[in-house]
Amino acid sequence: MEVAKERCRYCKNKEIGGGLTMKILIVGYFTQISKSNIKKYFPNDWDIVIVPPGKEMLHHIVDCQVIIPEHIKVDRDLLSMAQKLKLVQTGAGYDNVDIDACTQLGIWVANAAGVNAQAVAEHVMAKMLSYYKNIPYLDRFMKTRTDERQLDYTGSELKGKTIGIIGFGAVGKKVAEFCRVFDMNVLVNARHAVVQPDSFVKMTDFDNLVSVSDIVTVHTSLNSQTKQLIDKGVFKKMKNTALFINTARGGIVNENDLIAALKDKEISGACLDVYESEPLSIDSELRDLSNVILTPHTAGMPDGVKLHKKRYDFFVNNIKHIKNGEEPESKLNQVL
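Residues numbered from 1 in each chain as written. Predicted model: local features only at pLDDT ≥ 70, side-chain atom pairs only at ≥ 80, totals over all residues. Heavy atoms only, no water.

Asker: Could you clarify how one ought to interpret the overall build of the chain in this entry?
Answerer: On a plain count of helices and strands, the chain comes out with 12 helices and 12 strands. In terms of C-alpha radius of gyration, the chain reaches 22 Å, essentially the compact-globule figure of 20 Å for 336 residues. If you line up the chain on its principal axes, its C-alpha atoms span 70 × 50 × 35 Å. The buried share among the 336 residues of the chain stands at 48%. Counting every atom, the chain has about 17000 Å² of accessible surface; 50% of that belongs to carbon and sulfur. Within the chain, the 41 negative side-chain charges are centred at a point lying 3 Å from the centre of the 43 positive side-chain charges. (Helix = DSSP H or I, 4+ residues; strand = E, 2+ residues; numbered from the N terminus. Rg over C-alpha atoms; globule rule 2.2 N^0.38 Å. Buried < 20%, exposed > 50% of the residue type's maximum accessible area, 1.4 Å probe, protein only. Areas by Shrake-Rupley, 256 points an atom, 1.4 Å probe, with all protein chains shown as cover. Lys, Arg positive; Asp, Glu negative; His and termini not counted. Charge placed at Lys NZ, Arg CZ, Asp CG, Glu CD.)

Asker: So what exactly am I meant to see when it comes to the confidence of the model for the chain here?
Answerer: Mean pLDDT over the chain: 93, with 94% of residues reaching 70 or higher. Low pLDDT, under 50, characterises residues 1-5; the stretch is placed with one contact to residues that sit more than four places away or in other chains. Low pLDDT, under 50, characterises residues 7-15; the stretch is placed with 19 contacts to residues that sit more than four places away or in other chains. (pLDDT = per-residue confidence, 0-100. Contact = heavy atoms within 4.5 Å.)

Asker: What is the right way to read the sheet that holds strand β1 (residues 23-27) from this model?
Answerer: Paired through their backbone hydrogen bonds, the strands of a sheet run either parallel or antiparallel. Ordered by their spatial adjacency, five strands build an open sheet running β2-β1-β3-β4-β5, and the pairing between neighbours is parallel. Single-partner strands in this sheet number two, and they are β2 (47-51) and β5 (108-110). Taking each pair of neighbouring strands and ignoring which way they run, the sheet shows an average axis angle of 15°. As judged from the four bridges shared by β1 and strand β3 (residues 66-69), these two strands associate in the parallel manner. Within β3, the residue paired with Ile-26 across the bridge is Ile-68. Sitting on the sheet, helix α12 (residues 309-323) is in contact with β1, β3, β4 (87-89) and β5, with an inclination near 170° to β4. (Pairing = 2+ DSSP bridges. Axes fitted to C-alpha atoms, helices over the stretch in contact; angles between N-to-C directions.)

Asker: How should I be thinking about the pattern of salt bridges in this particular structure?
Answerer: Where side chains of opposite charge bring their charged atoms close, a pairing between them can arise. Under the counting rule described, the total for this entry stands at 13 salt bridges. Its salt-bridge partner being Arg-149, residue Asp-147 comes within 2.7 Å of it at the nearest N-O pair. The exposure class of Arg-149 is exposed, given its relative accessible area of 75%. Salt-bridge contacts for Glu-177 lead to Lys-174; the nearest nitrogen and oxygen are separated by 3.5 Å. One end of the pair is Glu-177 and the other is Lys-174, both in helix α8 (residues 170-181) and three residues apart, which spans about a single turn. For Lys-174, a relative accessible area of 22% corresponds to the partly exposed category. Look at the salt bridges and you will find they share partners, linking Glu-70, Lys-306 and Arg-311 into a network. (Salt bridge = Lys/Arg side-chain N within 4 Å of Asp/Glu carboxyl O.)

Asker: It is not clear to me how the sheet that holds strand β12 (residues 292-294) should be interpreted in this structure. Could you clarify?
Answerer: Taking strand neighbours across the sheet as the criterion, the seven strands line up as β8-β7-β6-β9-β10-β11-β12 in an open arrangement whose pairing is parallel. Each having just a single partner strand, β8 (201-203) and β12 make up the two edges of the open sheet. Direction aside, the axes of adjacent strands within the sheet are offset by 20° on average. Across four bridges, the pairing between strand β10 (residues 243-246) and strand β11 (residues 269-272) is parallel. Within β11, the position partnered with Ile-245 by the bridge is Cys-271. Contacts from α8 reach β6 (162-166), β7 (185-189) and β8 within the one sheet, and its direction differs from that of β6 by about 170°.

Asker: What is the right way to look at the packing of aromatic side chains in this model?
Answerer: Aromatic ring pairs: the centre-centre distance and the angle between the two ring planes describe each pair. Inspection of every chain in the model, using the stated rule, returns eight aromatic pairs. Taken together, a centroid distance of 6.3 Å and an interplanar angle of 45° make the contact between Phe-42 and Trp-46 tilted. With respect to class, Phe-42 is no different from Trp-46; both count as buried. An aromatic cluster of three or more residues is present, and its members are Tyr-41, Phe-42, Trp-46, Tyr-312 and Phe-315. We note Lys-306 situated over the ring of Phe-30; from NZ or CZ to the ring centre the distance is 5.4 Å. (Phe/Tyr/Trp six-rings, centres within 6.5 Å; stacked < 30°, edge-to-face > 60°. Lys NZ or Arg CZ within 6 Å of the ring centre and 35° of its normal.)

Asker: Whenever I open this one, the pairing of β3 confuses me. Can you help?
Answerer: Each regular strand carries side chains that alternate between the two faces of the sheet. The side-chain alternation of β3 yields two buried faces, one formed by Val-66 and Ile-68 and the other by Ile-67 and Pro-69. The sheet contact formed by β3 and β4 spans two bridges and is parallel. The residue of β4 that forms the bridge with Val-66 is Leu-87.

Written out as structure tokens, the structure reads:
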């Protein structure tokens, strides 16, 4: 009965429509330049508020129709303050949103599935190539004007290497396509993936994938089944020459176990864009390891700091659906 009463609060203005100003609350850590650039993607008559987590966010949550959350949990407590909220719009991931609570309160939840697949897959390849071609090391070497007779590194070609892809959604499939161009062998482990018998992609079980792959890359969502899926037991099964890549979600990996595996040379190296806690702690040991290439959760935002045109074009279009009383694209729940 209480849930029904709460839902009625949202049903009063089910169709926003007309000329009513839309208030969009974007929560995250953005530079002033990024804020200015992001606002350019939205219609001029919309009220775009970009704030970090904290008191200012709580002030604006009361009267916004849409929230785009980064670095915050959208839970029942937060939702209880959102008197006019119609849509929680996320990027590709949505593990920070209580979808059941949103549904009970008559609030749509939508992600931007596949919108950043190309960008993330390109980022994976960039990291992979940087690692095997020693780009960070060689760049530092040249810029410190070191005598070239002191060069000391090893690398290799991608051709002939076996890459194991965990998860085979839009990003995983795009990575597989790129790896085919490099003449790599592609193994996949995914619950619901189906590949044709003549495909260059070969399905395999999880243990075999991590045991035989030269590169293991994660492209699955974070949920109860995948939380800390990659732990010390997995790292022990991997080749000691293997490279581990994660551009999905930090919580899929036990970070302490990864650090131990890197320090103990159980695996050769890692390329990371996501972390258990974000932003990555300034004191994290990952920052001190020479066999790690780090980026600050930017794989899906290639156009500048916190910017991806495709992402914001999708957001604007989806918000217009809500403004017109329509269902959003890539919806994750059903609102009555």
